[in-house]
Amino acid sequence: MSDNSKITTLLPDNIAALTAYSSAKSEKLTGTTWLNANESPYSRTPNINLTDLNRYPDPQPQQVITRYACYANLEPEQVLMTRGADEGIELLVRTFCSPAKDSIALFLPTYGMYKVTADTHNIAINGLTQELLLKGTVDEIVTAVADSKLVFICNPNNPTGSMTSLDKIRKITQQLAGKAIVVVDEAYIEFCPEQTAASLINEFCNLVVLRTLSKAFALAGLRTGFTLANSELLAPIRKVIAPYPVSTVVASIAADALSSDNIASMRRQVTILNSLKAKLKSWLEQSPAVIKVLSGEGNFVTLKLKDKQSFNIALEQGLVMRAFTLYGENDWLRISIGNEQELEQVKIWLDGLSLTSNTVEQELS
Ligand SMILES: *Cc1c(COP(=O)(O)O)cnc(C)c1O
């Protein structure tokens, strides 16, 4: 075989500089309780009956589009189905940004895929902060966005759970009209549906809302998301997207998930998950092993540990959560809201930690 080290010399600089994105699932952890990827604990086996797999699929499956438009209170031409919300992020960057020239604005800490996508397409990052987004004035935010083409607002924000008000999103979008596109990532909006920015799409042609079936709809394995925007904004994206992006199998399962019965059942599950989140939050707030709890929206709670070692104790118990470095501190943890039994494992872990910290205190005194 020829010298394969030469392959690297063929890479563009931005690709050579990439470090592989470590998603929750790419880390090869072993465990029994999985609370690290914000997945839903509810799983359903879909009943599908497929006959025409010899044919190419509908590029945008009509039934899925009409059902999602109805669910989101929009027109079908304002809905684009994608391979997860992640593909929506990628399509926006590929469609609207010129490599080696444009930048995207993000409010850190936030979802990691915006940066990964920008890096792989040689697009610069204008790294702003959540603090600016939440506490800054609209003028300050718009000034900091400067000439960035896309402005990603994750709402609720992963992993902090914080919310940007609709009023602020409206004003930012208004001031950036003709200059930039505001992308509101609503991956977790089902957990606080009254806060959606979807209705603003009818007011602004520079607003995009990203949605997914991976979280509240409990279909992370399906890889289905939606890019919501006016048809003028979606038109160029429809030229960039692959010709047959959604398989017939996926379309069939997605259509079923969007039936009115299944939407009602998703909403019942959200109610249960939100109440389990409140319970978990109160345990964490009472635990001496936890220094800070970010109280926010979404199907997760993020916290700062007193001792980073507590994370390894959880792993030894088969309890897998997501460790994070936030604000330059590597002792943060995000716990996804699982079912009652899964959260009981978290309780057992927390109780064990407070026992050891009490013992240490007693030994010291
Ligand atoms: C999970 C998540 C996504 C990805 O959704 P997929 O549809 O599974 O690609 C997008 N944005 C945020 C903020 C997420 O947490």
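For clarity, every value in this text was computed on a predicted model and none was experimentally measured. (Residues numbered from 1 in each chain as written. Predicted model: local features only at pLDDT ≥ 70, side-chain atom pairs only at ≥ 80, totals over all residues. Heavy atoms only, no water.)

K.L.:
Give a detailed account of the UniProt feature "domain: Aminotransferase class I/classII large" (unreviewed entry) in the protein, specifying residues and quantitative values.
P.N.:
Residues annotated in UniProt with the feature "domain: Aminotransferase class I/classII large" (unreviewed entry) correspond here to residues 51–345. Taken as a whole, residues 51–345 contains 40% helix and 21% strand, while its terminal C-alpha atoms sit 44 Å from one another. (UniProt positions renumbered as here; feature names shortened; annotations may be inferred. Helix = DSSP H or I, 4+ residues; strand = E, 2+ residues; numbered from the N terminus.)

K.L.:
Residue-level account of the side chain of Gln-130, with values.
P.N.:
For Gln-130, the position within the fold is in helix 5 (residues 130–135). Its relative accessible area of 7% is what places Gln-130 among the buried residues. Ignoring any residue separated from it by four or fewer positions in sequence, one finds Gln-130 in contact with Phe-107, Leu-108, Pro-109, Thr-110, Asn-157, Thr-160 and Ser-162. (Buried < 20%, exposed > 50% of the residue type's maximum accessible area, 1.4 Å probe, protein only. Contact = heavy atoms within 4.5 Å.)

K.L.:
Lay out helix 4 (residues 113–120) with the relevant residues and their values.
P.N.:
One full turn of an α-helix is made of 3.6 residues, so residues set three or four places apart face in the same direction. Of the residues making up helix 4, those classed as buried are Met-113, Tyr-114, Thr-117 and Ala-118. Buried positions in helix 4, seen along its axis, are confined to an arc of 135° and lie on one side of it. Check the buried side of helix 4 and you find it contacts helix 3 (84–96), strand 3 (103–108), strand 4 (124–129), strand 5 (150–154) and strand 6 (181–185). Within two residues after helix 4, Asn-122 carries a phi angle of roughly 60°, on the positive side. (Arc of directions from axis to C-beta.)

K.L.:
Mind laying out the packing of helix 2 (residues 62–72) against helix 9 (residues 248–257), listing which residues take part and the relevant values?
P.N.:
Taken N-terminus to C-terminus, the directions of helix 2 and helix 9 make an angle of 30°; their axes are 9 Å apart at the nearest point. In terms of axis orientation, helix 2 runs roughly parallel to helix 9. In this structure, the crossing between helix 2 and helix 9 has a hand that is left-handed. Of the residues in helix 9, those touching helix 2 at Gln-63, Val-64 and Arg-67 are Ala-251, Ala-254, Ala-255 and Asp-256. When grouped by side-chain class, the residues that make up the contact of helix 2 with helix 9 number four nonpolar, one polar and two charged. (Axes fitted to C-alpha atoms, helices over the stretch in contact; angles between N-to-C directions. Parallel < 35°, antiparallel > 145°, perpendicular 65-115°, else oblique. Left-handed = near helix turned anticlockwise from the far one by under 90°. Nonpolar A, V, L, I, M, F, W, Y, C, P; charged D, E, K, R; others polar.)

K.L.:
If you had to explain the sheet that holds strand 10 (residues 300–305) to someone new, which residues and values would you point to?
P.N.:
In a beta sheet, neighbouring strands pair by backbone hydrogen bonds and run either parallel or antiparallel. Strand order in this open sheet of five strands is 1-11-12-10-9, and the pairing throughout is mixed. What marks the edges here is a single partner per strand, and that holds for strand 1 (33–35) and strand 9 (290–294). Mean inter-strand twist for the sheet, computed between neighbouring axes without regard to direction, equals 30°. In the sheet, strand 11 (residues 319–326) pairs with strand 12 (residues 329–336) via four bridges, with the strands oriented antiparallel. Of the residues in strand 12, the one forming a bridge with Ala-323 is Leu-333. Packed on one face of the sheet, helix 10 (residues 260–286) meets strand 9, strand 10 and strand 12 and runs near 10° to strand 10. (Pairing = 2+ DSSP bridges.)

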